[in-house]
Amino acid sequence: MAERQPEAPAAAHYDYTPKMPADQWDAIRPYVQRVVRDTAPRTPYSEKELYPAVSRLALFAWATASVPLEDDNVFDPRFINRFVQHHLGQYSRAGKNTLRARLRRTSEALLGDEAAGTFRALGKAEASRPYTPSEVASLLSWASSQHDEERTTSAGALLALGLGAGLTGREIIDLELADVTTDDRGVVVHVSGDDARDVPVLSQWAPLLTRRTASRAASRWAFRSGQRGGNINLVTDFVSRIPRPSVELQSRRMRATWIVEHLRRGTPLDLLLEVAGLQSAEALDRLLPYVARSDDDPRRELLR
């Protein structure tokens, strides 16, 4: 009778020590360890390579977005996309791509073909695609559903500055109440910095900004009282709190929506470039397909 061969010992797991407060790591460690140990054999990455990406995503879900540590939530491709695009501002493009790749493979290992298909769809989507009217209505509903005056007026100002003035995320964060003025022709915001300019706010969005400037809850900043300035993740952190918008809120998409609205209205190109802080019309090329044309377009008279 042949002797029974001893079983090969199980491979040792990687002992990961993250750079985060101990209480935070204690809260997410069981989930992170389970995910990494389960998926590493089914991805091109080792446990050592997966730990930094998975732990950062789990911490964002638990501490910032208040998302339950469950695979369907944390590794939803759209949630990963939101995390990479808006919460890794300090990372280089290469760093973002590395984390995205590892999280994508982990998601596919956990959620299967459905996740893979969603990632492909997200990859084809234009990040600067304008919001549709129904999406804008959803964002307005979200802004009005906040729990207190500070958050309500901040949410309104965020939409007014993005959809009504086309400011970038950085410009929204840096804008102070003193930079908002009103005259007999409407509301104007003064943008400082390298792209300094005065931007008239579209009339339908001006009331939200006026409410913010008149609010007792507001102090110094047009968006988020109490901030110190310089927090590049301020918008992402704000919209991640409950209640969250059902439509993903991105400053780039708000700016694209504002530009398309001006193109639709026939705003002179030189004036649009000036108030948008753009140096060349080439930046508008990708938005032209979103500018609706009709047979009775009144601008046709300009071409006769």
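Residues numbered from 1 in each chain as written. Predicted model: local features only at pLDDT ≥ 70, side-chain atom pairs only at ≥ 80, totals over all residues. Heavy atoms only, no water.

S.K.: It is not clear to me how the sheet that holds strand β1 (residues 180–183) should be interpreted in this structure. Could you clarify?
M.R.: Within a beta sheet, neighbouring strands are joined by backbone hydrogen bonds and run either parallel or antiparallel to one another. An order of β1-β2-β3 is seen for the three strands of this open sheet, with the pairing classed as antiparallel. Edge positions in the sheet fall to β1 and β3 (197–200), since each has one partner strand and no second. Going across the sheet, the axis of each strand differs from the next one's by a mean of 30 degrees, ignoring polarity. (Pairing = 2+ DSSP bridges. Helix = DSSP H or I, 4+ residues; strand = E, 2+ residues; numbered from the N terminus. Axes fitted to C-alpha atoms, helices over the stretch in contact; angles between N-to-C directions.)

S.K.: Before we go on, may I ask you to explain the pairing of β3 in this structure?
M.R.: Two faces, one strand: in a regular strand the side chains alternate between the faces of the sheet. Along β3, the buried face is formed by R197 and V199; none of D198 and P200, which line the opposite face, is buried. In this antiparallel pair of consecutive strands, strand β2 (residues 186–191) and β3, the connection spans five residues, and G193 shows a positive phi of 100 degrees. (Buried < 20%, exposed > 50% of the residue type's maximum accessible area, 1.4 Å probe, protein only.)

S.K.: Explain the packing of aromatic side chains to me, please; I cannot follow it from the model alone.
M.R.: To describe a pair of aromatic rings, you give the distance between the ring centres and the angle between the ring planes. With the rule as written, the count across this model stands at seven aromatic pairs. Aromatic side chains Y14 and Y51 sit 6.2 Å apart centroid to centroid with 40 degrees between the ring planes, which places their arrangement in the tilted category. In this pair, Y14 sits in the segment before α1 (22–39) while Y51 sits in helix α2 (residues 47–64), placing the two residues 37 residues apart along the sequence. Ring centres of Y16 and W25 lie 5.8 Å apart, and the angle between their planes is 80 degrees; on these two criteria the pair is classed as edge-to-face. As far as burial versus exposure is concerned, Y16 and W25 are alike and both buried. (Phe/Tyr/Trp six-rings, centres within 6.5 Å; stacked < 30°, edge-to-face > 60°.)

S.K.: For this particular structure, what's the right way to read unusual backbone geometry?
M.R.: In most cases, non-glycine residues show a negative phi, while peptide bonds are predominantly trans. Located in the positive-phi region is S66, a residue other than glycine, with phi close to 55 degrees. Tracing the chain through its elements places S66 in the loop between α2 and α3 (71–74). Phi at R220 is positive, roughly 70 degrees, even though this residue is not glycine. Assignment of secondary structure puts R220 in the loop between α10 (206–214) and α11 (234–240).

S.K.: Is there a simple way to explain the nonpolar core in this structure?
M.R.: Soluble, globular proteins show a tendency: their nonpolar side chains are buried together. The biggest cluster of nonpolar side chains holds 50 residues, and the ones touching the most others in it are L158, V189, L209 and L249. Taken together, the elements giving at least two residues each to this core come down to α7 (133–144), α8 (149–163), α9 (169–174), β2, α10, α11, α12 (251–265) and α13 (269–276). Ranked by residues supplied to this core, first place goes to α8 with seven residues. Once you skip the residues sitting within four places of it in the chain, L209 turns out to touch A157, A160, L161, V180, V187, V189 and V201. Counting residues in hydrophobic clusters, the runner-up holds 30 residues, among them M20, V54, A61 and V84. (Core = buried A, V, L, I, M, F, W, Y, C linked by side-chain atoms within 4.5 Å. Contact = heavy atoms within 4.5 Å.)

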